[in-house]
Every structure is written in structure tokens, then in C-alpha cells.
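Summary of the model geometry
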Number of protein chains: 2
Amino acid sequence: MLLSHTCSAQELEDALRVLEGRWKTLIIYHLFTAPVLRFSDLRRAVEGISQKMLIQQLRDLEENGVISRKVYPVVPPKVEYGLTKDGLALRPVLQALQTWAQSRSS
Amino acid sequence: MLLSHTCSAQELEDALRVLEGRWKTLIIYHLFTAPVLRFSDLRRAVEGISQKMLIQQLRDLEENGVISRKVYPVVPPKVEYGLTKDGLALRPVLQALQTWAQSRSS
DNA sequence: CAGTATCCCTCCAGATACTG
DNA sequence: CAGTATCTGGAGGGATACTG
């Protein structure tokens, strides 16, 4: 028994669904390196993502309580995205992934 | 700066690609709870996966050096899957995910 | 038991154009 | 700037049948 079974496969599956897809974890990563990013900032940061995919993934993450969206009623429009408390709690996951990524690229 | 930048987004992206999809992380999870599993064991463990998807994901993971495949030349056939050293190195990732999954389900 | 081989189809990613 | 709307091809993935 290498992992505790206090967490069921079902719980893990639910958590994985929140992060599923090619983009979500990368978006979260960039929100860790800079705590607040505007839509256009994210487009530049997440290389290769289309406008449509970005807004779609952002909406998903927001719905799942991982990121927050703050709209400033100004012209031109200004919207800032940041991590929620739940999103910030993902830091150990991202750090573990980084460590793994480095260990296998060497 | 909340995460170290010794790891580029590119490295992270490569690592994420290895784990991408609905099934791979779950397969790895089950190989952590039981260090060695046969094909039919995995089919039972990973609920809802089809034979085709299972073999496809297993091949992907094997190609990326995360799992190993051992064939016993017996009748009926016997094939065992397990984690490689690289796969075992994913334990902190899985553990962090578990912790997160539990914290948000509560 | 542990796969292959097909057929089929949905749905999502990507490109493009447009808007408040 | 921060989106929405629409079209499209192709991958993802299910069902079924077959095999060493």
C-alpha cells in the first residue's frame, strides 16, 4: 500500500476532471508565477492557445472554484484573473509536477 | 514569484502531455495502490474504461517510460504492468492531488 | 487471457470573423 | 480590451467481432 486509501479513486477522478484538458494546468501555472493576469496577459503567457479555448477553460476553472474573475467597469474593458483559495491550494501539486518534469528531462 | 522558474512552462507542458487524458493518472493511481496488476485487473480497477482505451493508454504510458510491461510466456497469456522508476517518482504528485481532492470535497 | 481490427460517431480544438 | 458566433476537420472514444 503505497498511497493512503482515505482518498477513493472517485474523489481523485473528480479532482482530475477539474484539471482535465491540455490547457488548465498551464493556466494555473501562469497564475502562480504572476498572481493576477488580465485576459490578454494570459493569451500571451499560454503559448499557442486560441481566444476561444482560453475563455472556455477560464470559465470552467471559475465554475469549479479554482480561479476568480474580477471585472473593472472601465473603457476599455479590464478583467483580471487570479487563483482562489482552492486554486492556491494546488501549489503542492504544481510543485510536485515541476520536480517530476525536471527529474525526467535530465 | 510563488513557484520557482528553474522549471520552464515548456518542461511542465511536456510532463503534462505524458499524463494527459481521462485515464492515465487513474491507471497510475491504481498501480500505486497495488504495485503489479494484470491487464484484466486493471480493467476491473479502472471503472468505465474500455478494452481499447486501456491498452492504448497503457502503450502510451509505456512509451513514455512511466510503466513497465512484463509478459510471461504461458498459456493462458499473463501480462503484468507496474510502475518504472520514473513512474514511482510520480508519488508526490499523486499524493498532492489526493490531498487537494480531499480538501475540496469537504 | 490479452490483446487486434473495424466501424462509426460525437464532440472538441482550431481558424476566422464579428461586437460592446 | 475582452470577449461572442459560427464553421469545420479530425482526434477521441464506444461497440462489436475476431485471434494467438
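If you're wondering where the values come from, they're calculated on a predicted model, not measured in any experiment.

Attention now goes to the interface of chain A and chain B. Taken together, the contact pairs 43 residues of chain A with 43 residues of chain B. Regarding the contact of chain A and chain B, the summed buried area is about 4,300 Å², with carbon and sulfur atoms giving 66% of it. At the boundary of chain A with chain B, the tally comes to two salt bridges. Where B:Arg104 meets A:Asp86, a salt bridge forms, and the shortest distance between an N and an O atom there is 3.3 Å. Linking chain A with chain B are six residue pairs in polar contact (both at pLDDT 80 or more), by the criterion used here. Of all the elements in the fold, those that place two or more residues in the side of chain A that touches chain B are helix H1 (9-19), helix H2 (24-33) and helix H6 (91-105) of chain A. Here the side of chain A that touches chain B takes 13 residues from H6(A), the largest share from any one element. Residue composition of the side of chain A that touches chain B, grouped by class: 23 nonpolar, 13 polar and seven charged.

With that settled, the discussion passes to the packing of aromatic side chains. Tallied over the entire structure, the rule returns zero aromatic pairs over all chains. Note that A:Lys78 overlies the ring of A:Tyr72, its terminal NZ or CZ placed 4.8 Å from the centroid.

The next point concerns the relation of the copies chain A and chain B. In the superposition of chain A on chain B (RMSD 0.1 Å, axial shift 0.0 Å), the rotation amounts to 180°. Seen this way, the second copy is the image of the first under a two-fold rotation axis. If distances are taken from each C-alpha of chain A to the rotation axis, the shortest is found for A:Val93, at 2.8 Å. Taken together, the interface assignments show that 100% of the residues at the interface of chain A recur at the interface of chain B, consistent with an identical surface on both copies.

Bringing the sheet that holds strand E1 (residues 36-38) of chain B into the picture now. Residue and element names in this part refer to chain B. Pairing is antiparallel in the open sheet, where three strands are placed in the order E1-E3-E2. Bordering the open sheet on either side are E1 and strand E2 (67-72), each of which pairs with just one other strand. Strand-to-strand twist across the sheet, computed as the mean angle between neighbouring axes with direction ignored, equals 30°. The pairing of E2 with strand E3 (residues 78-83) spans six bridges and is classified as antiparallel.

All names here are of chain A. On the secondary structure map, Ile28 appears in helix H2. Relative accessible area serves as the criterion here: at 1%, Ile28 is assigned to the buried category. Linking Ile28 and Val93, residues 65 residues apart in sequence, is a C-alpha distance of 11 Å.

Time to look at the protein's contact with DNA strand D. Looking at DNA strand D, there are 18 residues lining it, with A:Ser40, A:Gln51, A:Arg69, A:Tyr81 and B:Lys52 nearest. In the model, a phosphate oxygen of DNA strand D is placed 2.8 Å from a nitrogen or oxygen of the A:Arg38 side chain. Where the surface near DNA strand D is concerned, the elements lending two or more residues are helix H3 (39-45), helix H4 (51-63) and strand E3 (78-83) of chain A together with helix H4 (51-63) of chain B. If one sorts the elements of the surface near DNA strand D by residue count, H4(A) sits on top with four residues. Grouping the amino acids of the surface near DNA strand D by side-chain chemistry returns eight nonpolar, three polar and seven charged.

Here is what the cut-offs are and how they apply
- Residues numbered from 1 in each chain as written.
- Chains lettered and ligands numbered in written order.
- Predicted model: local features only at pLDDT ≥ 70, side-chain atom pairs only at ≥ 80, totals over all residues.
- Heavy atoms only, no water.
- Contact = heavy atoms within 4.5 Å.
- Buried area = accessible area lost by both parts, 1.4 Å probe.
- Salt bridge = Lys/Arg side-chain N within 4 Å of Asp/Glu carboxyl O.
- Polar contact = N/O pair within 3.5 Å; in protein donor to acceptor, adjacent residues only side chain to side chain.
- Helix = DSSP H or I, 4+ residues; strand = E, 2+ residues; numbered from the N terminus.
- Nonpolar A, V, L, I, M, F, W, Y, C, P; charged D, E, K, R; others polar.
- Phe/Tyr/Trp six-rings, centres within 6.5 Å; stacked < 30°, edge-to-face > 60°.
- Lys NZ or Arg CZ within 6 Å of the ring centre and 35° of its normal.
- Least-squares fit on C-alpha atoms with pLDDT ≥ 70 in both.
- Pairing = 2+ DSSP bridges.
- Axes fitted to C-alpha atoms, helices over the stretch in contact; angles between N-to-C directions.
- Buried < 20%, exposed > 50% of the residue type's maximum accessible area, 1.4 Å probe, protein only.
- Near = heavy atom within 4 Å.

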